[in-house]
Amino acid sequence: MSNSTLRAVFSDWRVVLMTILVAFSLISIYFVPLSFNQGVTGNLQLGLDLEGGAWIQLGFNSEVVRFDTDRDASSFAADLGGRLDAEVLLVDEDRLEIRKYYTQEELEAAFEEAGGTVVAYERGVSESTADDIKRILEDKINSLGTRDAKVNTLSGMSGVTKYIRIELAGADIATAQDVVGQQGKFEIRIQTSGNATEHVLFGDAITSVSTPSREPGSNLWGVGFTLNDEGAQAFRNAALTYGAVDNPEAHELVMLLDDNIVYSAPLSPNLAGDLRVSTVRSLSASTGVGDEGLKEAKNLEIHLRAGALPVDVFIAGSGYVPAALGEHFKTMSILAGIIALLAVGVVVYYRYREPLIVLPMIGTNIAEIVILLGIARFIQQLDLAAIAGIIAVLGTGIDQLVIITDEVLYEGGIPSPNLYQKRFLRALGIIVVAASTTVIAMLPLALMDLSSLRGFAIVTILGVLIGVFITRPAYGKVIMALLSR
Amino acid sequence: MGFFTYDISKYPPAHMVALPIVLLGLSLIFLSFNTLTTGLPVDPGIDFAGGVGVTVFTPDSKEGIEEYFAGFPLLSVGESINDGKYLVFEQLDEEQFRALTARIEERYPDAGIDQIGETFGKTLQSQALLALLFSFAGMSVVVFVAFRTVIPSIAVVLSAFSDIVITAAFMNVLGISLTLGTTAALLMLIGYSVDSDILLTSKLLKRKGKLDEKLEGAFRTGVIMTTTTLTAVAAMFVVSSIGQIIIIRDISVVLLIGLVVDLMNTWMLNSGLLKWYLTASKGGVK
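Here the structure is a predicted model, which means the values were calculated and not measured. (Residues numbered from 1 in each chain as written. Chains lettered and ligands numbered in written order. Predicted model: local features only at pLDDT ≥ 70, side-chain atom pairs only at ≥ 80, totals over all residues.)

With that settled, the discussion passes to the overall build of chain B. Counting its regular elements, chain B contains 9 helices and 4 strands. Starting at the N terminus and walking to the C terminus, you meet the elements of chain B as α-α-β-α-β-β-α-β-α-α-α-α-α. Reported as C-alpha extents along the three principal axes, the dimensions of chain B are approximately 75 × 40 × 30 Å. Across the 286 residues that make up chain B, the buried fraction comes to 52%. (Helix = DSSP H or I, 4+ residues; strand = E, 2+ residues; numbered from the N terminus. Buried ≥ 20, exposed ≤ 12 C-beta atoms within 10 Å, placed from the backbone.)

So, in structure tokens, the structure goes:
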């Protein structure tokens, strides 16, 4: 290739940009950070189905209801809670979270009895409850010692969280099931002397745990919880026996989850006085003031529940790919990509029989895929569906290069620069329309949460955009420069 | 390409559209019949109906596998070359599913498992339907905006619609169920299939020159376009079948059918309609 041809090729900004992007992509995949030990896939984020691991998706036996009533919202909620025998929380002025599963019809009847109407019904939990659940699950996952875990909430457009998805890289399906199934062991002990403590009660004595609240008129946060009769009796006996009612400071109450101390504090003077007289079932553990106090209170709430979730969940879906199978899928995917590229190369060669067309065509296609991967590395995990998207991009990519080629080389001849420009723009017109339809067709998938298809849609859209704006126009310039040599 | 003898400029429009229209009609009848009898136009796979799919490589025979999972609701055992097996179980409750995973783990520790619950499947199903509708509507809008003439735009949209309907009918005949993968493929088909329709319409509407020549030029380019795509998809199909990558295999099989259907719809239905529109609008009725 002569110098002047080279100069002609690189005088177009898109060719320059394409070259820079390819370099940038290769660098980001392999060099920043250095990743030679990770094989051909470098720094690409791989999905569970390529990396191996387990996932589990949970749905909630609870619903968020938008309602309308003439009554005071909080007393309406309390009334409804009694009727439904369920925890009913006010999410905001006109939305309730009902922590038990009811059909819309059942709720409509109950709302009517309580003097209100159901405006909108959606199965799921409010965002704040979803965050709580997420934290509890993350806590549990940490205690299971899983190295690489992700917990994501999936919310609809209304802001109601419908599902929560847990991905555990390298774990098997039993581990994933344990995260949901197993509960921790919660215990309250009382300090006898020095560091020694005595057992008071276990978590099964706790009948309910409320959400963090402030003591009336103060900034002091705390978590209320209720004991059953035996628990209350045991609590009073311990306080009397070890002298906590007389000297609270020396006999702190210690709470443990799975034998780790999660909270420790003395009895308050009030409580000590009450316990002298009778058993107390309703207790509150205060955690401190301000944001710090609230944070502590939230953690304590989780611990008091001993890892039990505030809302009943069910397994909506789950899956497992063993590492060996993931590795096999990975090899096969790379193979599929290479074979597709070669096969396409053969077909276009059969059509044009001109290496100066076919090589840039295949080169452009490779560049497109490399740039796509380079960008995807930052924004999108690659799973099997996303790989299908990449191969699809390869297919459309070649399609559009064929349009450009046929358009520019119309009737076999090499056009003059002016004519070339006209035909080139015409070809780009067709390509842009065709690409818009693909982008539009994929958009719903990219915006929706159809779990595994999101990556596919995002990759396809990204690939089409890179192609239309950068690589395919660059190809047009390249073949022109090469052919008019 | 030489081995193809379809002389696109030779046939009158009515002959060109006859076959696609008949196929579209038959497919619509077929899909409606299915909807009436089963509630859905196509057979839903585990992604939409709920169930468990297991991917495993084992030399065990189908009968051996059926026997091993005797206590479980095993629906089907798909076999491919290379000892790949794909087992589908009916929807199970949590306890049964745990038992099933333990049973799988015991004999096939390297098996991949996918489980979708019924409610989640329902959610996916309604979302997939919405996605299809929105895609199709969005595509139609782009086409109308791009061409700003009613009949050619309708021809493109009709041919894309026909692609999806006929492909769905073929899926039924071949026993391919609707999964997330095949839904994706149908959506991709919306994007893919209009590529060649747009090429055709742009060339015929916006260029000067003799209609037959333009049509032949578009046909030459369009066929090579679809052929390259078909080649890429065929490669994807072969590798994913051997490698037992179910989701990619599903996507590629539906795309293969869809692209072939699209060749027919673009070069018979869409071209036929356009040819009729262009000759009639110029007053040159033969």
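Once that is clear, we can look at the overall build of chain A. On a plain count of helices and strands, chain A comes out with 15 helices and 16 strands. By the compact-globule yardstick of 23 Å for 485 residues, chain A is too spread out, its C-alpha radius of gyration being 32 Å. Across the 485 residues in chain A, those meeting the buried criterion constitute 45%. (Rg over C-alpha atoms; globule rule 2.2 N^0.38 Å.)

Now for the domain arrangement of chain B. All names here are of chain B. According to the domain assignment, chain B consists of domain 1 (13-45 + 119-281) and domain 2 (51-116). One C-alpha centre belongs to domain 1, the other to domain 2; they are set 34 Å apart. Contacts between the two partners involve 6 residues from domain 1, matched on the other side by 9 residues from domain 2. Where the side of domain 1 that touches domain 2 is concerned, the elements lending two or more residues are helix H5 (118-147) and helix H8 (211-243). (Domains from an automatic or database assignment. Contact = placed C-beta atoms within 7 Å.)

Looking now at the pairing of strand S2 (residues 63-69) of chain A. Residues and elements named next belong to chain A. Relative to strand S4 (residues 95-98), S2 runs antiparallel, the two being bridged by 4 bridges. Note that in S4 the partner of Arg-66 across the bridge is Arg-95. Across 7 bridges, S2 lies against strand S5 (residues 116-123) in antiparallel orientation. Residue Val-64 lies in a different strand from S5, and its bridge partner there is Glu-122. (Pairing = 2+ DSSP bridges.)

In this structure, Leu-372, Ala-388 and Ile-391 of chain A together with Leu-187 and Met-236 of chain B are the most contacted members of the largest nonpolar core, which totals 199 residues. By residue number, the principal contributor to this core is helix H15 (residues 453-483) of chain A, which donates 17 residues. Leu-187 of chain B has contacts with Ala-441, Met-442 and Leu-445 of chain A together with Ala-131, Leu-132 and Ser-135 of chain B, leaving out every residue within four places of it along the chain. One finds Leu-201, Ala-205, Trp-221 and Ala-285 of chain A within the second-largest nonpolar core, a separate group that totals 27 residues. (Core = buried A, V, L, I, M, F, W, Y, C linked by C-beta atoms within 7 Å.)

What follows concerns the sheet that holds strand S3 (residues 88-92) of chain A. Residue and element names in this part refer to chain A. Taking strand neighbours across the sheet as the criterion, the 4 strands line up as S3-S4-S2-S5 in an open arrangement whose pairing is antiparallel. On the outer flanks of this sheet lie S3 and S5, each paired with one strand and no other. Strand-to-strand twist across the sheet, computed as the mean angle between neighbouring axes with direction ignored, equals 30 degrees. Helix H4 (residues 73-84) rests against S2, S3, S4 and S5 of the sheet, and its axis sits at about 150 degrees to S3. Packed onto the sheet, helix H5 (residues 104-113) meets S2 and S5 and runs at close to 155 degrees relative to S5. (Axes fitted to C-alpha atoms, helices over the stretch in contact; angles between N-to-C directions.)

Accessible area lost when the parts come together is the quantity often used to give the size of an interface. Domain boundaries in chain A define domain 1 (3-47 + 322-483), domain 2 (53-183 + 310-319) and domain 3 (186-306). Taking the mean C-alpha position of each, domain 1 of chain A and domain 2 of chain A sit 42 Å from one another.

For the rest of this paragraph, the subject is the interface of chain B and chain A. Of the residues lining the interface, 57 residues belong to chain B; the matching set on chain A comes to 59 residues. Elements with a contribution of two residues or more to the side of chain B that touches chain A: helix H4 (94-107), strand S4 (112-116), H5, helix H7 (180-206), H8 and helix H9 (246-281) of chain B. In terms of residue class, the side of chain B that touches chain A is made up of 34 nonpolar, 18 polar and 5 charged. As defined by bridge partners, strand S16 (residues 313-321) of chain A adjoins S4 of chain B across 4 bridges and the pair is classed as antiparallel. Among the inter-strand pairings, Ser-318 of chain A is bridged to a residue of S4 of chain B, identified as Gln-115 of chain B. (Nonpolar A, V, L, I, M, F, W, Y, C, P; charged D, E, K, R; others polar.)

With that out of the way, let us pick up the packing of helix H13 (residues 384-408) of chain A against helix H14 (residues 417-447) of chain A. Residues and elements named next belong to chain A. Remark: H13 packs on H14, axes separated minimally by 8 Å, with the N-to-C direction vectors making an angle of 155 degrees. Classified by the interaxial angle, the pair formed by H13 and H14 is roughly antiparallel. Of the two possible hands of crossing, H13 and H14 adopt the one that is right-handed. For the pair H13 and H14, the contacting residues are Thr-396, Gln-400, Ile-403, Ile-404, Glu-407 and Val-408 in the first and Tyr-420, Arg-423, Phe-424, Arg-426, Ala-427, Ile-430, Ile-431, Ala-434 and Thr-438 in the second. When its residues are assigned to classes, the contact of H13 with H14 shows 9 nonpolar, 3 polar and 3 charged. (Parallel < 35°, antiparallel > 145°, perpendicular 65-115°, else oblique. Left-handed = near helix turned anticlockwise from the far one by under 90°.)

Turning our attention to the packing of H5 of chain B against H7 of chain B. Residue and element names in this part refer to chain B. Between H5 and H7, whose axes approach to 11 Å, the crossing angle comes to 10 degrees. For the element pair H5 / H7, the angle class is roughly parallel. On the side of H5, the interface is formed by Leu-124, Ala-128, Ala-131, Leu-132, Ser-135, Phe-136, Met-139, Val-143 and Phe-147, while H7 contributes Leu-180, Thr-183, Leu-186, Leu-187, Ile-190, Val-194, Thr-201 and Leu-205. Grouping the constituent residues of the contact of H5 with H7 by class yields 14 nonpolar, 3 polar and no charged.

Next up on the list: the sheet that holds strand S9 (residues 197-202) of chain A. All names here are of chain A. Pairing in this open sheet of 4 strands is antiparallel, and the strands run S9-S8-S13-S14 from one edge to the other. Edge positions in the sheet fall to S9 and strand S14 (260-265), since each of these pairs with one other strand and no more. Direction aside, the axes of adjacent strands within the sheet are offset by 30 degrees on average. Note that strand S8 (residues 186-191) and S9 share 5 bridges and pair antiparallel. Within S9, the position partnered with Arg-189 by the bridge is His-199.

This part is about H8 of chain B. If you check H8 of chain B, its first and last C-alpha atoms are 47 Å apart, about what 33 residues at 1.5 Å a residue would give, namely 48 Å. Immediately downstream of H8 of chain B, the backbone of Gln-244 of chain B shows phi near 60 degrees, a positive value. (Expected span 1.5 Å × (residues − 1).)

Its place among the elements puts Ala-343 of chain A in helix H11 (residues 323-352). Between the C-alpha atom of Ala-343 of chain A and that of Glu-187 of chain A, which follows or precedes it by 156 residues, the distance is 66 Å. Contacts of Ala-343 of chain A, omitting those with residues within four sequence positions, involve Thr-231, Ala-232 and Ala-235 of chain B.

To continue, consider the confidence of the model for chain A. A low pLDDT score tells you not to read the predicted coordinates there in detail. Here chain A averages 85 in pLDDT, and 96% of its residues register 70 or above. Across chain A, helix H12 (residues 355-379) of chain A holds the top mean pLDDT of 91, while helix H1 (residues 3-10) of chain A sits lowest at 72. (pLDDT = per-residue confidence, 0-100.)

Glancing now at the environment of Glu-296 of chain A. All names here are of chain A. Within the secondary structure, Glu-296 is located in helix H10 (residues 290-304). Between the C-alpha atom of Glu-296 and that of Leu-58, which follows or precedes it by 238 residues, the distance is 26 Å. Glu-296 has contacts with Thr-287 and Gly-288, leaving out every residue within four places of it along the chain.

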